[in-house]
Every structure is written in structure tokens, then in C-alpha cells.
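Listed below, chain by chain, are the residues.
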Amino acid sequence: MGSFSIWHWAIVAVIVLLLFGGRGKLSGLMGDAAKGIKAFREGLKDEDKKNGPTDGVSSLPRTEAEKEELKR
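Note that the structure is a prediction, hence the values are computed from the model and not measured.

Calculation notes
Residues numbered from 1 in each chain as written. Predicted model: local features only at pLDDT ≥ 70, side-chain atom pairs only at ≥ 80, totals over all residues. Heavy atoms only, no water. Helix = DSSP H or I, 4+ residues; strand = E, 2+ residues; numbered from the N terminus. Buried < 20%, exposed > 50% of the residue type's maximum accessible area, 1.4 Å probe, protein only. Areas by Shrake-Rupley, 256 points an atom, 1.4 Å probe, with all protein chains shown as cover. Phe/Tyr/Trp six-rings, centres within 6.5 Å; stacked < 30°, edge-to-face > 60°. Patch = residues over 30% accessible without salt bridge, like charges linked within 9 Å, V, L, I, M, F, W, Y side chains within 5 Å. Salt bridge = Lys/Arg side-chain N within 4 Å of Asp/Glu carboxyl O. pLDDT = per-residue confidence, 0-100.

Of the regular secondary structure elements, the protein holds three helices and zero strands. Helices and strands appear in the protein in the N-to-C order α-α-α. Counting across all 72 residues of the protein, residues that qualify as buried make up 3%. Summed over all atoms, the accessible surface of the protein reaches about 7200 Å², with 63% contributed by carbon and sulfur.

Next comes the structure, spelled out in C-alpha cells:
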């Protein structure tokens, strides 16, 4: 019961090949998903560069005391 037979390993190998190898539909889908995730991450990095805080500027909202001090 505790050990795997040759059939178990064959089924595992087929599933791995379908997901990651060859020119199958699933491997294409996995590649497309990876490209989408990469593009999403790059988009987030671009957003941070455009809208992120610059030197000396806090990204948190200012308190009333800070606003008054800046007016002086």
C-alpha cells in the first residue's frame, strides 16, 4: 500500500508531460499564463514608478498639523 507501482509513476509522468512539456494545449496555456503574470508584474512596477512617492514626499495623507506647517 505504501509504495507506488510502475503504473502510478507512468500516470504522474504523463500529467507532468502534459502540463510542462511538448507542444500540447496545456503547456501552451501554462506558457500564456506565465506571460500574463509577467506582464501584470511589469505593469505594477510601472505604476509604482509613475505614481510612487519621490524623495522627501510621504505617500501617507498629511495631518492637519502638517498641512498648517507647510502653509507657513
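There's more to say after this.
Moving on: the packing of aromatic side chains. The description of an aromatic ring pair uses the distance of the two centres, along with the angle that the planes make with each other. In the structure shown here, the tally under the stated rule is one aromatic pair. With 5.5 Å between their ring centres and 70 degrees between their planes, Phe-4 and Trp-9 make a pair best called edge-to-face. For the pair Phe-4 and Trp-9, one class covers both residues: exposed.

On to a nonpolar patch on the surface, then. A cluster of nonpolar side chains, contributed by Phe-4, Trp-9, Val-12, Val-16, Phe-20 and Met-30, occupies part of the molecular surface with about 660 Å² of accessible area. Broken down by element, the residue count for the nonpolar patch peaks at four residues, all from helix α1 (residues 6-20). Relative to the assigned elements, Val-16 resides in helix α1. Judged by relative accessible area, Val-16 falls into the partly exposed class, the value being 43%.

Reading predicted coordinates in detail is not appropriate for stretches of low pLDDT. Mean pLDDT over the protein works out to 77, with 69% of the residues at or above the 70 mark. Averaged pLDDT values for the elements of the protein fall to 79 in helix α3 (residues 64-71) and rise to 86 in α1.

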